[in-house]
Amino acid sequence: GDPEPVQDFCVAAPHGSGELAFPGLPCKPSSSVVSDDFFFAAHARGASTDNAMGSGVTPGNVDAFPGLNTLGVSINRVDLAPGGVNPLHSHPRAAELVHVVGGDMLVGFVSTEGRFFSKVVREGESFVIPRGLMHFQYNVGKSAARAMTVFNSQLPGVVFAAQALFGAEPEIPDAVLAKSFQVDAEIIKLIKSKNRKG
Ligand code: GLV
Ligand code: MN
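Here is a short report on the structure shown in this document.

## Thoughts on the site of ligand 1
- Around ligand 1 sit N76, V78, N86, H89, H91, E96, H135, Q137, T149 and F151, and those are all the residues in its vicinity.
- N76 is positioned with one of its side-chain polar atoms (N or O) 3.0 Å from an oxygen atom of ligand 1.
- At 3.3 Å, a side-chain N or O of N86 approaches an oxygen atom of ligand 1.
- Relative to its free-state accessible area of 190 Å², ligand 1 is covered by the protein chains to the extent of 97%.
- Where the shell around ligand 1 is concerned, the elements lending two or more residues are β2 (74–80), β3 (85–90), β8 (135–139) and β9 (145–151).
- Residue composition of the shell around ligand 1, grouped by class: 2 nonpolar, 7 polar and 1 charged.

Okay, here's the thing in structure tokens:
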């Protein structure tokens, strides 16, 4: 998890209002901190799932919720249409607790030994993703599914597998990807065409 705080709170000052601090973000003056700094309403509604993945994630990290600064936790809302997937990704700085609040989703991750662990998780149930491991959520039900995902970091970071490898800027050479995946460069170009912007 993140470093231990050395004060009750350190509500992040608006971006650009202070020096860059490590760890975390600079605090706004304690005297100007109000109850609403500890309140976050964006998860009352979900993100649109009207996209190629059938999925929408609403982040609740320190960038969205400055009151989390130095507190070592954060929360996302994940909405999935039937058949929708929150595609394969990992969080370099946090374990993730997936708590399903509606519908049925297959949740899975792959360990460093290459073992795939997965479970169909239903309303009211939870599944945990160890820090840094590649994982996904896939709606296997007939109706919309929803989960709250909780992290032991204020800024877990996210690396989407397909985007990181096939959508990087500037691009990773086709030859490197073709060799790595043991396929023809044509296949690499096809996958790149689906992951590169513009
Ligand atoms: C789900 O995996 C999330 O990162 O919110
Ligand atoms: Mn995740």
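Next comes the rest of the write-up.
## Quick notes on the coordination of the manganese ion (ligand 2)
- The protein atoms that coordinate the manganese ion (ligand 2) are H89 (NE2), H91 (NE2), E96 (OE) and H135 (NE2), at distances spanning 2.1 to 2.2 Å.
- Taken together, the 6 donor atoms surrounding the manganese ion (ligand 2) define angles of 74 to 171° at the centre, an arrangement classified as octahedral.
- Along the chain, the residues donating to the manganese ion (ligand 2) fall in the pattern H-x1-H-x4-E-x38-H. Remark: H135 occurs in strand β8 and H91 occurs in the loop between β3 and β4 (96–102); sequence separation between them is 44 residues. Of the two residues, H91 and H135, neither departs from the other in class, the shared state being buried.

## Regarding helix α2 (residues 174–181)
- Listed as buried for α2 are D174, L177 and A178. Seen end-on, α2 carries its buried residues on one side only, within an arc spanning 100°. In α2, the exposed residues that point more than 90 degrees away from the buried face are A175, K179 and S180.
- The inward-facing, buried residues of α2 contact α1 (161–166) and α3 (185–195).
- Note on α2: the residue one or two positions beyond its end, Q182, has a positive phi of about 60°.

## Structural notes on the nonpolar core
- Formed by 13 residues in total, the largest nonpolar core has its most connected members in M105, V107, F127 and I129.
- Where this core is concerned, the elements lending two or more residues are β2, β4, β5 (104–110), β7 (126–129) and β9.
- If you tally residues by element for this core, the top one is β5, at 3 residues.
- Filtering out sequence-adjacent residues up to four positions away, M105 remains in contact with L80, V100, K119, V120, V121, Q137, Y138, N139, V140, A145, R146 and A147.
- The next biggest cluster of nonpolar side chains, apart from the first, holds 5 residues, and it includes L25, V62, F65 and L68.

## Comments concerning the sheet that holds β2
- What the 5 strands build is an open sheet, ordered β1-β2-β9-β4-β7; its pairing is antiparallel. Of all strands in the sheet, those with a lone pairing partner are β1 (55–58) and β7, marking the two edges. Across the sheet, the axes of successive neighbouring strands diverge by a mean angle of 20°, strand direction being ignored.
- Note that β1 and β2 share 4 bridges and pair antiparallel. Residue pairing for β2: G56 is matched across the bridge by D79.

Parameters at a glance
- Residues numbered from 1 in each chain as written.
- Chains lettered and ligands numbered in written order.
- Predicted model: local features only at pLDDT ≥ 70, side-chain atom pairs only at ≥ 80, totals over all residues.
- Heavy atoms only, no water.
- Near = heavy atom within 4 Å.
- Polar contact = N/O pair within 3.5 Å; in protein donor to acceptor, adjacent residues only side chain to side chain.
- Areas by Shrake-Rupley, 256 points an atom, 1.4 Å probe, with all protein chains shown as cover.
- Helix = DSSP H or I, 4+ residues; strand = E, 2+ residues; numbered from the N terminus.
- Nonpolar A, V, L, I, M, F, W, Y, C, P; charged D, E, K, R; others polar.
- Donors = N, O, S within 2.8 Å, 3.2 Å for Na, K, Ca; no water.
- Tetrahedral: all angles 85-135°; square planar, octahedral: opposite > 155°, others 65-115°.
- Buried < 20%, exposed > 50% of the residue type's maximum accessible area, 1.4 Å probe, protein only.
- Arc of directions from axis to C-beta.
- Contact = heavy atoms within 4.5 Å.
- Core = buried A, V, L, I, M, F, W, Y, C linked by side-chain atoms within 4.5 Å.
- Pairing = 2+ DSSP bridges.
- Axes fitted to C-alpha atoms, helices over the stretch in contact; angles between N-to-C directions.

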